[in-house]
Amino acid sequence: MKGPKIKDERIITEIQKFSTHGLLIVLVGFMISLLVKVFILEWDIKYWVDTFGIMLLGCLYVTVRCVKDGIYLLPSKEGELRRFKKIHLISGVISTIIWATLTFLLDFREAGEVDIRKNISSTLVGAVVFFIGITWAMWYIINKSNKNADKNIES
């Protein structure tokens, strides 16, 4: 009769690291495939919605589980917290610039008669709304995760 196998924590950590890297490779592959299908091949949505759905579900699952278990935490030291906030804002600005660029280029490409002023103004308004929304969403997720981490410690 075999007894339970005892695994070293280092082995478990390495297995988890490899699993995480494997998931990251799959998600990046899906993202590249999606970008090629949408922007280069210009396929209709019915040909790439499955790739988008799989990628979205994978990211959503990881995010929800991490928030539920309190894994996304704010740094405890003041200097690290300032650095974290700065990185948070920079990532919000970068994602907004990418979103605004893609929106502008897609609007510009699809329009017959182009009203540049209208296109730029609508893209800028959309970019401001996007920046506020994405920044708020990231802070909400981190704050919710911190509250869940505190609950797990108390119980």
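Whatever comes next refers back to the structure up there.
In this text the structure is predicted, and so the values were computed from the model without any measurement. (Residues numbered from 1 in each chain as written. Predicted model: local features only at pLDDT ≥ 70, side-chain atom pairs only at ≥ 80, totals over all residues. Heavy atoms only, no water.)

## Focus on the overall build of the chain
Right, on to step 1. Tallying secondary structure elements over the chain gives four helices and zero strands in all.
Right, on to step 2. Start at the N end of the chain and walk to the C end: the helices and strands fall as α-α-α-α.
Right, on to step 3. Here the chain has a C-alpha radius of gyration of 21 Å; the compact-globule value for 155 residues is 15 Å, and the former is much larger.
Right, on to step 4. The C-alpha extent of the chain, read off along each of the three principal axes, is 75 × 45 × 25 Å.
Right, on to step 5. Taking all 155 residues of the chain together, 15% fall into the buried category. (Helix = DSSP H or I, 4+ residues; strand = E, 2+ residues; numbered from the N terminus. Rg over C-alpha atoms; globule rule 2.2 N^0.38 Å. Buried < 20%, exposed > 50% of the residue type's maximum accessible area, 1.4 Å probe, protein only.)

## Some remarks on the environment of Tyr-140
Right, on to step 1. In this fold, Tyr-140 is placed in helix H4 (residues 116–154).
Right, on to step 2. A relative accessible area of 44% means that Tyr-140 is categorised as partly exposed.
Right, on to step 3. With 73 residues separating them in the primary sequence, Tyr-140 and Val-67 have C-alpha atoms 9.9 Å apart.

## With respect to a nonpolar patch on the surface
Right, on to step 1. Nonpolar side chains collect at one region of the surface, where Leu-24, Val-28, Ile-32, Val-36, Ile-40, Leu-41, Trp-43 and Tyr-47 lie side by side and expose about 780 Å² of accessible area between them.
Right, on to step 2. As for its placement among the helices and strands, Tyr-47 is situated in the loop between helix H1 (9–40) and helix H2 (49–68).
Right, on to step 3. Residue Tyr-47 is classed as partly exposed on the basis of its relative accessible area of 49%. (Patch = residues over 30% accessible without salt bridge, like charges linked within 9 Å, V, L, I, M, F, W, Y side chains within 5 Å. Areas by Shrake-Rupley, 256 points an atom, 1.4 Å probe, with all protein chains shown as cover. Salt bridge = Lys/Arg side-chain N within 4 Å of Asp/Glu carboxyl O.)

## Points about the packing of aromatic side chains
Right, on to step 1. Summed over all chains, the structure comprises five aromatic pairs.
Right, on to step 2. Here Trp-48 and Phe-52 contribute two aromatic rings whose centre-to-centre distance is 6.4 Å and whose plane-to-plane angle is 90°, an arrangement assigned as edge-to-face.
Right, on to step 3. Under the relative-accessibility criterion, Trp-48 is labelled buried at 16%.
Right, on to step 4. Between Trp-99 and Phe-130, the aromatic rings sit 5.2 Å apart at their centres with planes inclined by 5°, giving stacked as the arrangement. Linking Trp-99 in helix H3 (residues 78–110) with Phe-130 in helix H4, this pair joins segments that are 31 residues apart in sequence. (Phe/Tyr/Trp six-rings, centres within 6.5 Å; stacked < 30°, edge-to-face > 60°.)

## Focus: the side chain of Asn-119
Right, on to step 1. Assignment of secondary structure puts Asn-119 in helix H4.
Right, on to step 2. Apart from residues lying up to four places away in sequence, Asn-119 is in contact with Phe-104, Asp-107 and Phe-108. (Contact = heavy atoms within 4.5 Å.)

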